[in-house]
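What follows is the residue order along each chain.
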Number of protein chains: 2
Amino acid sequence: MSSCAYSLTEAAEHVREGRITSAELVQDCLAQVDELEPAVQAWAFLDREHALMQARALDLHRAQGKALGPLHGVPVGIKDIFDTSDYPTELGSPLWAGRTPRRDAAAVARLRAAGAVIMGKTVTTEYAYFHPGKTRNPHDPERTPGGSSSGSAAAVAAHMVPGAIGTQTNGSVIRPAAFCGVVGFKPTHGLIPRTGALLLSRTLDHVGTFGKTVEDVALLAEILAGYDEEDPDTRPMARPPFAAVAASEPPLPPRFAFVRSPVWDDYAEPATREAFGELVEALGEHVTQVDLGESFGAAVDWHKKIMEVEMAYNLHRDYTKGGEQLSEPLRKLIERGRGVSAVDYLAAVGGISPLNEGIGSIFDEYDAFITPAAPGEAPRGLSATGNPIFCTLWTYLGTPAVTLPLMQSEAGLPLGVQLVGRRHNDARLLRSARWLVKTLAKGRRRGSRKGKSS
Amino acid sequence: MSSCAYSLTEAAEHVREGRITSAELVQDCLAQVDELEPAVQAWAFLDREHALMQARALDLHRAQGKALGPLHGVPVGIKDIFDTSDYPTELGSPLWAGRTPRRDAAAVARLRAAGAVIMGKTVTTEYAYFHPGKTRNPHDPERTPGGSSSGSAAAVAAHMVPGAIGTQTNGSVIRPAAFCGVVGFKPTHGLIPRTGALLLSRTLDHVGTFGKTVEDVALLAEILAGYDEEDPDTRPMARPPFAAVAASEPPLPPRFAFVRSPVWDDYAEPATREAFGELVEALGEHVTQVDLGESFGAAVDWHKKIMEVEMAYNLHRDYTKGGEQLSEPLRKLIERGRGVSAVDYLAAVGGISPLNEGIGSIFDEYDAFITPAAPGEAPRGLSATGNPIFCTLWTYLGTPAVTLPLMQSEAGLPLGVQLVGRRHNDARLLRSARWLVKTLAKGRRRGSRKGKSS
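Residues numbered from 1 in each chain as written. Chains lettered and ligands numbered in written order. Predicted model: local features only at pLDDT ≥ 70, side-chain atom pairs only at ≥ 80, totals over all residues.

Caption draft 1: Quick look at the overall build of chain A. When its secondary structure is counted, chain A shows 17 helices and 11 strands. Computed over C-alpha atoms, the radius of gyration of chain A comes to 21 Å, within 12% of the 22 Å expected from 2.2 N^0.38 for 454 residues, which places it in the range of a compact globule. Overall size of chain A, expressed as C-alpha extent along the three principal axes, is 65 × 60 × 45 Å. By the burial criterion, 59% of the 454 residues in chain A qualify as buried. Across chain A, every contact between residues at least 6 apart in sequence was considered, and the portion connecting residues at least 24 apart equals 77%. (Helix = DSSP H or I, 4+ residues; strand = E, 2+ residues; numbered from the N terminus. Rg over C-alpha atoms; globule rule 2.2 N^0.38 Å. Buried ≥ 20, exposed ≤ 12 C-beta atoms within 10 Å, placed from the backbone. Contact = placed C-beta atoms within 7 Å.)

Caption draft 2: Examining the nonpolar core more closely. Judged by nonpolar contacts, the single largest core of 282 residues is most densely connected at A:Leu419 and B:Leu419. Excluding residues within four positions of it along the chain, A:Leu419 makes contact with A:Ala368, A:Phe369, A:Ile370, A:Ala401, A:Val402, A:Leu404, A:Leu429, A:Ser432, A:Ala433 and A:Leu436. (Core = buried A, V, L, I, M, F, W, Y, C linked by C-beta atoms within 7 Å.)

Caption draft 3: Structural detail: the relation of the copies chain B and chain A. Note on the identical chains: chain B maps onto chain A by a rotation of 180° and an axial translation of 0.0 Å, with an RMSD of 0.0 Å. Here the two chains are linked by the operation of a two-fold rotation axis. Minimal C-alpha distance to the rotation axis in chain B is attained by B:Ala342, lying at 1.8 Å. When the interface residues of chain B are mapped onto chain A, 100% of them again fall at the interface, so both copies present the same face. (Least-squares fit on C-alpha atoms with pLDDT ≥ 70 in both.)

Caption draft 4: Representation of helix 1 (residues 8–16) of chain A in the model. Residues and elements named next belong to chain A. Turning to helix 1, its buried residues are Leu8, Thr9, Ala11, Ala12 and Val15. Axial view of helix 1: buried residues confined to an arc of 165°, hence all on one face. Close packing links the buried residues of helix 1 with helix 2 (22–40), strand 4 (163–168), strand 6 (206–211) and helix 7 (214–224). Just beyond helix 1, the residue with positive phi is Gly18, at close to 80°. (Arc of directions from axis to C-beta.)

Caption draft 5: Here's a closer look at the domain arrangement of chain A. Residue and element names in this part refer to chain A. The domain architecture assigned to chain A consists of domain 1 (3–246) and domain 2 (256–449). On a C-alpha basis, the centres of domain 1 and domain 2 stand 21 Å from each other. Taken together, the contact between domain 1 and domain 2 spans 56 residues of the former and 53 residues of the latter. Ranked by residues supplied to the side of domain 1 that touches domain 2, first place goes to helix 6 (residues 174–180) with 6 residues. Per-class residue counts for the side of domain 1 that touches domain 2 are 28 nonpolar, 20 polar and 8 charged. (Domains from an automatic or database assignment. Nonpolar A, V, L, I, M, F, W, Y, C, P; charged D, E, K, R; others polar.)

Caption draft 6: View of the pairing of strand 2 (residues 75–79) of chain A. Residue and element names in this part refer to chain A. Of all the 5 residues making up strand 2, 5 are buried; the element is thus mostly covered by neighbouring parts of the structure. Note that strand 2 and strand 3 (residues 117–122) share 5 bridges and pair parallel. Its bridge partner being in strand 3, Ile78 is matched across the sheet by Lys121. Viewed along the sheet, the connection from strand 2 through helix 4 (residues 106–113) into strand 3 turns out right-handed. Here strand 2 runs beside strand 4; their pairing, made up of 3 bridges, is parallel. The residue bridging Gly77 from the neighbouring strand is Ala164, located in strand 4. (Pairing = 2+ DSSP bridges. Right-handed = clockwise from strand over helix to strand, strands pointing away.)

Caption draft 7: Region of interest: the sheet that holds strand 4 of chain A. Residue and element names in this part refer to chain A. In spatial order, the strands read 1-3-2-4-6-5-10-11-9-7-8; together these 11 strands make up an open sheet with mixed pairing. Across the chains shown, the open sheet's two edge strands, defined by having one partner strand only, are strand 1 (43–46) and strand 8 (287–289). Each strand axis lies, on average, 30° off the axis of its neighbour in the sheet, ignoring direction. Relative to strand 3, helix 3 (residues 48–63) is tilted by about 155°, and along the sheet it contacts strand 1, strand 2 and strand 3. Along the sheet, helix 4 contacts strand 2, strand 3, strand 4 and strand 6; its crossing angle with strand 3, the most-contacted strand, is approximately 150°. (Axes fitted to C-alpha atoms, helices over the stretch in contact; angles between N-to-C directions.)

Caption draft 8: Region of the structure containing the interface of chain B and chain A. Listed by partner, the interface residues are 12 residues for chain B and 13 residues for chain A. Elements supplying a minimum of two residues to the side of chain B that touches chain A: helix 11 (299–314), helix 13 (328–338) and helix 14 (342–350) of chain B. Here the residues of the side of chain B that touches chain A sort into 9 nonpolar, 2 polar and 1 charged.

Caption draft 9: Layout of the sheet that holds strand 7 (residues 256–258) of chain B. All names here are of chain B. Strands sit in the order 1-3-2-4-6-5-10-11-9-7-8 across an open sheet of 11 strands; the sheet is mixed. Strands at the two margins of the open sheet, each flanked by one partner only, are strand 1 (43–46) and strand 8 (287–289). Taken over all neighbouring pairs, the strand axes of this sheet differ in orientation by 30° on average, direction set aside. In terms of strand pairing, strand 5 (residues 183–186) meets strand 10 (residues 401–408) through 3 bridges, oriented antiparallel.

Caption draft 10: Layout of the confidence of the model for chain A. Residue and element names in this part refer to chain A. Residue-level pLDDT values for chain A average 96, and 98% of them are 70 or greater. In this model residues 450–454 is a low-confidence stretch, pLDDT under 50, and it forms 6 contacts with partners more than four residues away in sequence or in other chains. As scored by the predictor, the complex reaches a pTM of 0.93 and an ipTM of 0.90. (pLDDT = per-residue confidence, 0-100.)

Caption draft 11: Inspection of the environment of B:Met407 at higher detail. Residue and element names in this part refer to chain B. Within the secondary structure, Met407 sits in strand 10. Along the sequence, Met407 and Gly181 sit 226 residues apart, while their C-alpha atoms lie 8.9 Å from each other. Discounting chain neighbours no more than four positions away, the residues touching Met407 are Ala275, Leu279, Leu415 and Val417.

Caption draft 12: Structural view of the environment of A:Met160. Residues and elements named next belong to chain A. Within the secondary structure, Met160 is located in the loop between helix 5 (150–157) and strand 4. Along the backbone, Met160 and Asp28 are 132 residues apart, and their C-alpha atoms lie at a distance of 8.4 Å. Sequence-distant contacts of Met160, that is, excluding residues within four places in its chain, are made with Cys29, Gln32, Val33, Leu36, Ala42 and Ala155.

Caption draft 13: Region of interest: the packing of helix 11 of chain B against helix 13 of chain B. Residue and element names in this part refer to chain B. Here helix 11 crosses helix 13 at 100°, and the two axes come no closer than 7 Å. Viewed along their axes, helix 11 and helix 13 adopt a mutual orientation that is roughly perpendicular. Within the contact between the two elements, helix 11 uses Glu308, Val309, Met311 and Ala312 and helix 13 uses Leu333, Ile334, Arg336, Gly337 and Arg338. When grouped by side-chain class, the residues that make up the contact of helix 11 with helix 13 number 5 nonpolar, 1 polar and 3 charged. (Parallel < 35°, antiparallel > 145°, perpendicular 65-115°, else oblique.)

Caption draft 14: Just unusual backbone geometry, in detail. Cis geometry marks the peptide bond from A:Gly147 to A:Ser148; its omega dihedral reads 5°. In this structure, A:Ser148 sits in the loop between strand 3 and helix 5. Positive phi outside glycine occurs at A:Gln41, with the angle close to 60°. The topology assignment puts A:Gln41 in the loop between helix 2 and strand 1. Phi is positive for B:His159, which is not a glycine, with a value near 60°.

Caption draft 15: Up close: helix 7 (residues 214–224) of chain B. Residues and elements named next belong to chain B. A large share of helix 7 lies buried, amounting to 11 of its 11 residues. For helix 7, every residue scored as buried is listed here: Val214, Glu215, Asp216, Val217, Ala218, Leu219, Leu220, Ala221, Glu222, Ile223 and Leu224. With its phi angle positive at about 125°, Gly226 sits one or two positions after the end of helix 7.

Caption draft 16: View of the pairing of strand 11 (residues 414–420) of chain B. Residues and elements named next belong to chain B. A large share of strand 11 lies buried, amounting to 7 of its 7 residues. Here 4 bridges tie strand 9 (residues 368–372) to strand 11, and the two strands are oriented antiparallel to one another. In the strand pairing of strand 11, Ile370 is matched with Leu419. In this sheet, strand 11 lies alongside strand 10 in antiparallel orientation, the contact comprising 6 bridges. In the sheet register, Met407 faces strand 11, and the bridge partner there is Leu415. Linkage of strand 10 to strand 11, two consecutive antiparallel strands, is achieved through a turn of 5 residues, within which Gly412 is found at a positive phi near 80°.

Caption draft 17: Local environment of the packing of helix 11 (residues 299–314) of chain A against helix 14 (residues 342–350) of chain A. All names here are of chain A. At their nearest, the axes of helix 11 and helix 14 sit 9 Å apart, and the two run at 125° to each other. In terms of orientation, helix 11 and helix 14 fall into the oblique class. For helix 11 against helix 14, the interelement crossing comes out left-handed. On helix 14, the residues touching Trp302, Lys305, Ile306 and Val309 of helix 11 are Asp344, Tyr345, Ala348 and Val349. (Left-handed = near helix turned anticlockwise from the far one by under 90°.)

Caption draft 18: Representation of the environment of A:Leu95. Residues and elements named next belong to chain A. By secondary structure assignment, the location of Leu95 is in the loop between strand 2 and helix 4. Along the sequence, Leu95 and Lys321 sit 226 residues apart, while their C-alpha atoms lie 9.1 Å from each other. Discounting residues that sit within four places of it in the chain, Leu95 has contacts with Asp318, Gly322 and Gln325.

This is the structure:
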């Protein structure tokens, strides 16, 4: 197979062991871009020569016997709201056309330091909010890839690049990963610094990772995690061994809580209801349905208020100067945010800690929650990016969440299974996620022998 | 002399060395209370037997040869907004009359763990805001002691207790200390946990300490400092050696910046102008006048907005249920806070970091700022507690500040000299403060030989 189909973890290993050069790997990925980009449109900026030049330099570095980083020679896609010193960063907005930052965002700098090839910039919705970019779903070009990290999810799904980074302020990592059928991971709030990425909401913005396997998103998150003095929500910490823990066996089979969450009744589509019914059945004794209390129903409104207010504050200049160059949904959001009172905003922020305490007792009994990543499959049409509502509560709480492409709709489109962990328990969540993938794969192999292949 | 006149540091040493028992020390303090409390009215709650019982238990502890804490047997006054498990905590409000918390505030628990006798609860203004309590200035009963930590400052000034704790959200430690002629210290924001103390404003609330010397306030702050998981603004840290550093000689004489601050022109009274003129002259080469840029002028408004909003949020229930039992100034403040928009609030909070960066370059050259603690001497009248305006900027910035009773007005009333340090440079600030006290005392001794005694 072409090396473009490698997982990120495989690609890193093959380059490290000398079974393939970085230049060959990047060439294979570029060939895939040549073939699929006309349909998928995942990239805002991609300079073939610049990508290859980085790869050759890294091959030379290796040939000289120098120390290799954990991503040595592996190409990665960067959502176009992270500043890059070598590519433009346009935030998905005509207002910022031609913007060329001088400094890499902290996440980009950490990827470079780990030896990654910065392949190019992936398409984002306008300001990582609502208004879509040009990207289409690789599984069906008439459908949205999800957003706002549309290009990162689509590029990984289309094997144009084995890994990518994005951001989530509501459902912008988990939802596109689910719609495109890749693994997406949003670690605990504050784990990965957001310095040099577009600031929408300090309270809600998360950096997330995309890959083909749980190990992939774990490896990327491990490289990106850690204190940055310019991001006040990061904390000094030892490097988390996400990749090693994700690859390890749990001492006991994990216990899952099937948490439909307060939005299930209004939003879960039939495909989701059916698929999760089967999933819960397949997991048998490993899963228990748990209902959150009524107090969690307020979280969606609180999230909305925080997002509106903080975006209105942070995008104040763009709003004032940008006029019609800002989409109407964005202008409306900012206007709503300007109308919120400070005490209502503080009440919305003030709900985060108590609700996290509220789910603490459930996490004492269960390793992870299982819940949908989205209402259903990627919707038809390119004028919107689908509903983030199944991500909202977990973004508000700042809990780690990972989506796994474990199921399909009748149309053959991916459906994501979202697992949610306790804050700062990212490694355990990833380990539980990998256990789930392996266990279901075994079940399917057994099932297919009985003629019940999915 | 009666042991009630000891500094906190002396009292701790005398008890530790066995030159006086805790019971004798507390008895001497109680005798002073008997004599002066009718005029000063510093205490909200003081139970003689309960104080003596603690002292006797601590004496027994010592007699048994057990390990002694750094404040073993030393009585301390607690502002009546800190929860105490043995005394009521009424927050200076009739709404909370008879309130008896079951748990000590973190600061109180740390004092007990250090061996302190919790002498009693000192008078606070209503909710540590504007409306005065019963306390009078020990130097002149017709004048305010300042507020909101009125009783803590007055009790230390009147030798009723060698040390006390209070809080500052605007000028509530520095101002009463200055008006009463004691040393007051407001450490860096987040240094001392506020858990179990009345929450007015997470952004602005500080715990502070009162004593007779710089060493006293340093010792108290050292005992109180450090991480508390219930105060999100505290950070894990090693115990800061404030007392030792404060007692040490600086390697070089400190350099002071005389910062009149943007409020000088409108608020500094003639007594202050004259006294600071003389002080700057006396310090000669050790001080340079430095003017802050115009951007600091906004800080007073930003502080006001944050305080109004956060108090409106935190006192929402009291406002809703309390009605006429809340003073009119407090109700008005809450109503103003309810009218502030969230984006204006975020803009006010957003100014804190840039302004701290703005003074960073001055702190690269100077060890501390010298600035007034208040517009002038304690004003006449008991219907208000004086103007906190000379504290506002430093509370907003979260910088450490200490006031020293180094000067007097013509009426013989104390005038405070406020020293301000860089955030998290509390120890250096205290060392510079002690150097200033010693140096001016030497100068005065020389001056008095020439017949120029102050």
